[in-house]
Amino acid sequence: MKQWNRIVAGVMSVSLMAAVTACAGKEAAPGEASKASDKPVEISFANWISVEDATKEAYSKLIADFEQKHPNIKVKSIGIPFAQFKDQVLVSSAGGNPPDVTMANQNFTAAFVGAKITEPLETLLGKDVADDIVDGSKSGVTYGGKLMAMPWTPHPNALFWNKTLFKKAGLDPEKPPKTWDEMVASAAKIAALGKDEKGNPIYGIGENSASDSYTGNMLLRIAYSYGGKFVNEQGAVVYDQGSALKDSIGYMKDIITKKISPQGAMQKDLRGMFANGTLGMIVDGDFGRTIFRTTSGKNEAFDKEWGVAVIPPGKTGRSETVFTEHQLIVTSGSKKKEVAAEFVKYLVSKDAMLQYHKMNGVMSSRKSIASLPEMNEDDYARVFNDQMKTASALPAANPKFDNAMKETASMIILATEGGQSPEAAISTVMPKIKELYK
């Protein structure tokens with residue numbers, strides 16, 4: 001409890017508390033979702049997609065469609081930037097003002113379950129919905145045998161390449177690298193181009209190296225390609241066993257010190273560089289197309305300048321990657337759980353997912369929807385469906401997983417900015433991670 005109090009005190013946000021308090025309402029009567037005609041009901045939805053340029057338009061259309069279909073239910077958006085999202089939802093919930101529905105991902109859900117702010121969903125959503133979840137996604141949101149979050153959109157990470165830079169570097173612009181070694185060699189050739197006509201440095205590949213948990217997620221993705229794993233079947237940390245982690249940090253140190261990949265980059269930085277033509281390759285999710293169209297300012301015309309393919313296989317001989325899934329939670333503190341569940345069921349419904357897919361290229365975590373022809377209509381969708389077949393869910397069952405991923409990011413910083421060897425960086429950081437998991 002003392003530790004929890006410290007977390008709350010450390011991230012308390014007066015403005016958020018005021019915003020969420022304004023959204024709180026009276027407890028809904030049983031069956032209120034089906035009797036909404038008696039009086040209007042408002043539910044609050046904490047999310048980050050309403051404040052991101054690439055998704056805010058899709059978000060607005062989804063909410064408008066839901067409210068049209070449910071004319072006496074109104075959705076109050078609580079838009080929170082992704083970097084502050086987990087802490088602010090924990091703060092508002094601990095303060096007695098939880099949103100009715102909140103977004104999450106694999107890093108956040110374990111923390112929300114550990115803080116006991118999640119409501120089991122089997123009964124609220126119904127067996128038809130619960131049984132329709134893709135197996136890999138369902139296992140990642142099941143805690144103690146209970147479904148604690150609804151998988152919404154899985155985002156398997158695949159490889160985007162810039163055809164213009166490939167051609168300038170003497171590479172075939174229509175052929176992405178087929179192996180890990182070929183990918184690294186291609187990246188080096190692109191980086192050798194030096195600078196663009198505006199004097200901006202050109203990098204061959206963008207790997208995350210900022211001090212955030214997403215960097216840790218992507219380091220884990222790399223370690224999978226080298227044959228590593230984070231935890232064993234019993235949940236014990238085994239990340240430092242074998243050579244995979246050492247090889248992964250060695251790869252990061254090599255491409256950053258040789259300026260093949262930028263130093264200290266966050267994913268948003270890499271996306272901007274890919275969109276402005278100064279990055280040869282980037283690993284990103286299925287929403288990448290919309291982000292690159294928007295950020296480049298060229299919209300659909302930019303599609304001619306890049307391609308996407310599955311991650312080239314490395315040491316395992318298999319295309320290794322992770323999917324960073326968006327999930328939905330009905331909070332245990334909500335006083336309108338039935339209405340909140342109606343909203344969740346809409347967001348994962350066929351109508352909503354087809355609309356979201358059309359606008360942002362996202363996939364569905366429901367078997368019946370993921371297999372629809374409309375969700376597999378072009379090469380772009382087919383690449384990500386193929387990538388999903390070999391994508392691994394993040395091993396995020398432990399509530400401290402997000403903290404552990406942020407710690408692992410510091411190994412990259414120690415090796416690239418601190419000059420340490422991969423072995424020294426690992427020996428410095430791994431004891432801290434294992435202490436978190438005790």
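Just above sits the structure.
The rules behind each value
- Residues numbered from 1 in each chain as written.
- Predicted model: local features only at pLDDT ≥ 70, side-chain atom pairs only at ≥ 80, totals over all residues.
- Heavy atoms only, no water.
- Helix = DSSP H or I, 4+ residues; strand = E, 2+ residues; numbered from the N terminus.
- Rg over C-alpha atoms; globule rule 2.2 N^0.38 Å.
- Buried < 20%, exposed > 50% of the residue type's maximum accessible area, 1.4 Å probe, protein only.
- Contact = heavy atoms within 4.5 Å.
- Areas by Shrake-Rupley, 256 points an atom, 1.4 Å probe, with all protein chains shown as cover.
- Pairing = 2+ DSSP bridges.
- Axes fitted to C-alpha atoms, helices over the stretch in contact; angles between N-to-C directions.
- 1 Å grid on protein atoms, 1.4 Å probe; cavity = no way out; pocket = protein on both sides within 12 Å on 5 of 7 lines; lining within 4 Å.
- Points joined across faces, edges and corners; volume = space filled by probe spheres on them.
- Nonpolar A, V, L, I, M, F, W, Y, C, P; charged D, E, K, R; others polar.
- Right-handed = clockwise from strand over helix to strand, strands pointing away.
- Polar contact = N/O pair within 3.5 Å; in protein donor to acceptor, adjacent residues only side chain to side chain.
- Phe/Tyr/Trp six-rings, centres within 6.5 Å; stacked < 30°, edge-to-face > 60°.
- Lys NZ or Arg CZ within 6 Å of the ring centre and 35° of its normal.
- Salt bridge = Lys/Arg side-chain N within 4 Å of Asp/Glu carboxyl O.

Student: Got a minute to help me understand the overall build of the protein chain in this structure?
Tutor: Broken down by element type, the protein chain carries 20 helices and 12 strands. Its C-alpha radius of gyration of 22 Å places the protein chain within 12% of the 22 Å reference for a compact globule of 438 residues. Based on the C-alpha atoms only, the size of the protein chain along its principal axes is roughly 70 × 50 × 40 Å. In the protein chain, which comprises 438 residues, the share counted as buried stands at 54%. Counting contacts in the protein chain only where the partners sit at least 6 residues apart, residues at least 24 apart contribute 75% of the total. If you sum the accessible surface of the protein chain, you get close to 18500 Å²; carbon and sulfur atoms cover 51% of it.

Student: Which parts of the structure should I look at to understand the sheet that holds strand 11 (residues 326-330)?
Tutor: In space, the 5 strands of this open sheet follow the order 2-1-3-11-6, with mixed pairing throughout. Two strands in the sheet have a free side with no partner beyond their single neighbour: strand 2 (73-79) and strand 6 (150-153). For this sheet, the mean inter-axis angle between neighbouring strands, taken without regard to orientation, is 30°. Against the sheet, helix 4 (residues 82-94) touches strand 1 (41-47) and strand 3 (101-105), its axis set at about 125° to strand 3.

Student: Quick question: what am I supposed to make of empty space enclosed by the protein here?
Tutor: Inspection of every chain in the model, using the stated rule, returns 1 cavity of 30 Å³ or more. If you add up the space inside the largest cavity, you get close to 60 Å³. If you go around the largest cavity, the residues you meet are His-357, Gly-361, Val-362, Met-363, Ser-364, Ala-370, Met-375, Tyr-380, Ala-381, Phe-384 and Asn-385. The element contributing the most residues to the lining of the largest cavity is helix 18 (residues 379-388), with 4 residues. The residue makeup of the lining of the largest cavity, split by class, is 7 nonpolar, 4 polar and no charged.

Student: How should I be thinking about the pairing of strand 1 in this particular structure?
Tutor: Successive side chains on a regular strand alternate, one facing one side of the sheet and the next facing the other. Burial analysis of strand 1 places 6 of its 7 residues in the buried class, which makes it a mostly covered element. Across 7 bridges, strand 1 lies against strand 2 in parallel orientation. Directly across from Glu-42, in strand 2, lies its bridge partner Lys-74. Taken together, strand 1, helix 3 (residues 56-69) and strand 2 constitute a β-α-β crossover, and its handedness is right-handed. As defined by bridge partners, strand 1 adjoins strand 3 across 2 bridges and the pair is classed as parallel. Each residue of the ladder has a partner; that of Ala-46, found in strand 3, is Thr-102.

Student: Would you mind showing me how to read the side chain of Lys-86 here?
Tutor: In this structure, Lys-86 sits in helix 4. Of the polar contacts made by the side chain of Lys-86, one reaches the side chain of Asp-402; its length is 2.9 Å. Beyond its immediate chain neighbours, meaning those up to four positions away, Lys-86 contacts Phe-108, Ala-111, Phe-112, Asp-402 and Asn-403.

Student: Which parts of the structure should I look at to understand the packing of aromatic side chains?
Tutor: Geometrically, a pair of aromatic rings is defined through the distance of the ring centres and the angle of the planes. Taken as a whole and assessed by the stated rule, the structure comprises 25 aromatic pairs. Between the aromatic rings of Phe-160 and Phe-292, the centroid separation amounts to 5.1 Å while the plane-to-plane angle is 85°, which identifies the pairing as edge-to-face. Taken together, the residues span a long stretch of sequence, with Phe-160 in strand 7 (residues 158-162) and Phe-292 in helix 14 (residues 288-296) at a distance of 132 residues. Comparing Phe-160 with Phe-292, the two get one shared label, buried. Ring geometry for Phe-230 versus Phe-401: centroids 5.9 Å apart, planes at 85°, classification edge-to-face. Taken together, the residues span a long stretch of sequence, with Phe-230 in the loop between helix 11 (213-225) and helix 12 (244-257) and Phe-401 in helix 19 (residues 401-416) at a distance of 171 residues. Classification of Phe-230 as buried rests on a relative accessible area of 1%. Looking at Phe-401, the relative accessible area reads 0%, which means it is buried. Here the aromatic residues Phe-160, Phe-274, Phe-292, Trp-306, Tyr-380 and Phe-384 are joined through ring pairs into a cluster of three or more. The residue whose ring lies beneath Arg-289 is Tyr-380, and the NZ or CZ to ring-centre distance is 4.0 Å.

Student: I'm lost on the pattern of salt bridges in this one. Help?
Tutor: Any two side chains of opposite charge can pair, on the condition that their charged atoms come close. For the structure on display, the rule yields 23 salt bridges. Residue Lys-56 is joined to Asp-53 by a salt bridge in which the shortest nitrogen-to-oxygen separation is 3.4 Å. Its salt-bridge partner being Lys-127, residue Asp-131 comes within 2.8 Å of it at the nearest N-O pair. Under the relative-accessibility criterion, Asp-131 is labelled partly exposed at 38%. Of the residues examined, Lys-127 reaches a relative accessible area of 61% and is grouped as exposed. Ionic contacts of the salt-bridge type, sharing partners, join the residues Lys-127, Asp-131 and Lys-138 into one network.

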